[in-house]
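# Structure assessment
As a plain string of letters, each chain reads:
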Amino acid sequence: MAAAKRKAIADAEKIVRRTAGDILDGVVDGTPEDTSVTIGDWHVGVNVTPSDKLDKPDVGGSAAKARGQATILTAGIGDKINIVNNQDHVEGLNAGRAVSKPSGWIEAAIDSATRRRP
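Residues numbered from 1 in each chain as written. Predicted model: local features only at pLDDT ≥ 70, side-chain atom pairs only at ≥ 80, totals over all residues. Heavy atoms only, no water.

## Observations concerning the pairing of strand β1 (residues 42-46)
In terms of burial, β1 is largely enclosed, as 5 of its 5 residues are buried. Neither face of β1 is open: one carries W42, V44 and V46, the other H43 and G45, and all of them are buried. Relative to strand β2 (residues 81-85), β1 runs antiparallel, the two being bridged by 5 bridges. Bridge assignment links V46 to a residue of β2, and that residue is I81. (Buried < 20%, exposed > 50% of the residue type's maximum accessible area, 1.4 Å probe, protein only. Helix = DSSP H or I, 4+ residues; strand = E, 2+ residues; numbered from the N terminus. Pairing = 2+ DSSP bridges.)

## Focus: the pattern of salt bridges
Evaluation of the coordinates by the stated rule reveals 3 salt bridges. Its salt-bridge partner being D29, residue K65 comes within 2.7 Å of it at the nearest N-O pair. Here K65, found in helix α3 (residues 62-72), pairs with D29, found in helix α1 (residues 2-30); they are 36 residues apart in sequence, far enough to count as distant. Residue K53 pairs with D88 through a salt bridge whose shortest N-O separation is 3.1 Å. In this pair, K53 is assigned in the loop between β1 and α3 and D88 in the loop between β2 and α4 (90-97), connecting sequence segments 35 residues apart. You can call D88 exposed: its relative accessible area is 69%. (Salt bridge = Lys/Arg side-chain N within 4 Å of Asp/Glu carboxyl O.)

## A short note on the side chain of S36
When you line up the elements, S36 lands in the loop between α1 and α2 (37-40). Look at S36 and you get buried, because its relative accessible area is 3%. In this structure the side chain of S36 is engaged in a polar contact, spanning 3.4 Å, whose partner is the backbone nitrogen of V59. S36 has contacts with K56, P57, D58 and V59, leaving out every residue within four places of it along the chain. (Polar contact = N/O pair within 3.5 Å; in protein donor to acceptor, adjacent residues only side chain to side chain. Contact = heavy atoms within 4.5 Å.)

## Quick notes on the nonpolar core
Nonpolar side chains in soluble globular proteins generally cluster together in the buried interior. Among the nonpolar cores identified, the biggest contains 15 residues, and L24, V27, V28, W42, I72, W105 and I106 are the most heavily contacted of them. When contributions to this core are tallied by element, the ones reaching two or more residues are α1, β1, α3, α4 and α5 (105-115). A total of 4 residues in this core trace back to one element, the largest contributor, which is α1. Leaving out residues up to four positions away in the same chain, I72 has contacts with R17, A20, G21, L24, V44 and I81. (Core = buried A, V, L, I, M, F, W, Y, C linked by side-chain atoms within 4.5 Å.)

## Let's talk about the packing of aromatic side chains
For any pair of aromatic rings, the description rests on two quantities: the centre-to-centre distance and the angle between the ring planes. Across all of its chains, the model carries 1 aromatic pair by this definition. Ring geometry for W42 and W105: centres 6.2 Å apart, planes at 80°, overall edge-to-face. Taken together, the residues W42 in strand β1 and W105 in helix α5 connect sequence positions 63 residues apart. (Phe/Tyr/Trp six-rings, centres within 6.5 Å; stacked < 30°, edge-to-face > 60°.)

Below is the structure:
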């Protein structure tokens, strides 16, 4: 019985981590790119909400993804995973103030990641 419980917890953790990773990939990929500073400013916290800004270019978002995925891997069952971007203009970009991306790309990333899960 204990082995089955451990397996169920491990399976659930994998689903949560994969979903959070997919959301992170989606918001990074969806972020309108001008100087790539906003793309690089995606942060992940487990049981904390990151409040810092990097203000460094990250073309394509590979550094933001790597940092975020490493943090997501530390999450366990019951942990809260926060994916945030603290750039002042990110809400405006998501509202459609960028000509290069449609509005609602943050919500679209969340919807896409959560609809793929059982």
